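# Coordinate analysis (summary)
Spelled out, the chains give:
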Amino acid sequence: MSDRGRREGRPSRILLVEDEPDILNLLRYHFLERGFSTQTAADGAQALELLRREPPDLVILDLMLPDMNGLSLCKRIRHDPEHWGIPVLMLTALGQEEDRITGFEIGADDYVVKPFSPRELLLRVESLLSRTYGRTAEAAGNAVYELGGMRVELEAYRVLIHGEDVGVTTTEFLLLQDLLRANGRVLSREQLLEQVWGYEFAGYDRTVDTHLHRLRHKLGPYAACIQTVRGIGYRFNPRMDSHGEL
Ligand code: CA
């Protein structure tokens, strides 16, 4: 898989896990029409295989699957270091209130009760995606990434926190930009060095750490979005649920 396989600009990929073919087709139709790309799984085993092969941006999960309870699948996603950050929306039946509560306890992000309106589901998905990954938009010819009170102006090389320019250096900006483009994937120090400085910088891995340390400091309440993955490198994770402010 290419390094930049999950770069910004590609359609969001939704994994639909549902064993009822009619519902699956209906979902697929509406998501494709709306410009999403979809993967479908009719049971838990298929879902796990797809997660491993081609991690989606969001999972829609029916709780009643033939081979596995949807809740156990959700739990596995949340405990998997590669996938724990992927947002999960549960499809529940009327009368499944208990499951819904359990679902939230184990980390599902939202739910929709069957029978549902596809329009409502799409709205929920779009809001969950922008809550999770932030939003990149073109404003007055300048591409902007926004997450809560953080605003990254991609062409002006500026980062604003609650409206205030925090004064990042070019190097800090390029590191941030690369992490944003990696879309949640972990980048090694070597990859960051090569992408930002443009050549191998063997033996000077600490350079990246030093710049990221300063960048985190400037990001203030959003510092936690830049996560160190021990022994591997760094990733940008906009989910700050466990760290408070958004
Ligand atoms: Ca089902």
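For the structure, see preceding data.
Notes on the structure follow. Fair warning: this is a prediction, and the values are worked out from it, not measured in the lab.

Below, the discussion takes up the sheet that holds strand E2 (residues 37-41). Here five strands make up an open sheet; going across it, the order is E2-E1-E3-E4-E5 and the pairing parallel. Each edge of the open sheet carries a strand with a single partner, namely E2 and strand E5 (110-114). The mean inter-strand angle of the sheet, taken between neighbouring strand axes irrespective of direction, is 20 degrees. Both strand E3 (residues 58-62) and strand E4 (residues 88-93) contribute to a ladder of four bridges, which runs parallel.

Let us now look at the packing of helix H2 (residues 44-53) against helix H3 (residues 70-79). At a minimum axis separation of 10 Å, H2 and H3 run at an interaxial angle of 20 degrees. With respect to H3, the element H2 is oriented roughly parallel. Every pair of crossing elements has a handedness; the one defined by H2 and H3 is right-handed. Residue-level inspection shows Gly 44, Ala 47, Leu 48 and Leu 51 of H2 in contact with H3, the latter providing Leu 73, Arg 76 and Ile 77. Looking at side-chain class alone, the contact of H2 with H3 contains five nonpolar, one polar and one charged residues.

Only Asp 19 (OD), Asp 62 (OD) and Met 64 (O) from the protein coordinate the calcium ion, and they sit 2.1 to 2.4 Å from it. Taken in sequence order, the residues that donate to the calcium ion follow the motif D-x42-D-x1-M. Of this pair, Asp 19 sits in the loop between strand E1 (13-17) and helix H1 (21-33) while Asp 62 sits in strand E3, and the two are 43 residues apart along the sequence. With relative accessibility at 30%, the residue Asp 19 sits in the partly exposed group.

Okay, the sheet that holds strand E13 (residues 233-236) next. Overall, antiparallel pairing links the three strands, which are arranged E11-E13-E12 in an open sheet. Pairing within the sheet leaves two strands with one partner each, and these edge strands are strand E11 (187-188) and strand E12 (226-229). For E12 and E13, the ladder comprises four bridges, and the chain directions are antiparallel. Bridging from a neighbouring strand, Thr 228 pairs with Tyr 234 of E13.

What follows deals with the environment of Leu 15. With respect to the helices and strands, Leu 15 occurs in strand E1. Residue Leu 15 is classed as buried on the basis of its relative accessible area of 0%. With 23 residues separating them in the primary sequence, Leu 15 and Thr 38 have C-alpha atoms 5.8 Å apart.

Here helix H6 (residues 170-181) crosses helix H7 (residues 189-197) at 120 degrees, and the two axes come no closer than 10 Å. For the element pair H6 / H7, the angle class is oblique. The chirality of how H6 crosses H7 is right-handed. Only Leu 192, Gln 195, Val 196 and Trp 197 of H7 make contact with H6, whose side of the interface consists of Thr 171, Leu 174, Leu 175, Asp 178 and Leu 179. When the residues that make up the contact of H6 with H7 are grouped by side-chain class, the tally is six nonpolar, two polar and one charged.

Looking now at unusual backbone geometry. Following Lys 114, the chain continues into Pro 115 via a peptide bond in cis, with omega recorded as -5 degrees. Positionally, Pro 115 belongs in the loop between E5 and helix H5 (118-133). Here the phi dihedral of Tyr 157 falls at roughly 55 degrees; this positive angle occurs in a residue that is not glycine. With respect to the secondary-structure elements, Tyr 157 resides in the loop between strand E8 (150-153) and strand E9 (158-161). One non-glycine residue, His 162, lies in positive phi territory at about 45 degrees. Structurally, His 162 is set in the loop between E9 and strand E10 (164-165).

Cut-off values and rules
- Residues numbered from 1 in each chain as written.
- Predicted model: local features only at pLDDT ≥ 70, side-chain atom pairs only at ≥ 80, totals over all residues.
- Heavy atoms only, no water.
- Pairing = 2+ DSSP bridges.
- Helix = DSSP H or I, 4+ residues; strand = E, 2+ residues; numbered from the N terminus.
- Axes fitted to C-alpha atoms, helices over the stretch in contact; angles between N-to-C directions.
- Parallel < 35°, antiparallel > 145°, perpendicular 65-115°, else oblique.
- Left-handed = near helix turned anticlockwise from the far one by under 90°.
- Contact = heavy atoms within 4.5 Å.
- Nonpolar A, V, L, I, M, F, W, Y, C, P; charged D, E, K, R; others polar.
- Donors = N, O, S within 2.8 Å, 3.2 Å for Na, K, Ca; no water.
- Buried < 20%, exposed > 50% of the residue type's maximum accessible area, 1.4 Å probe, protein only.

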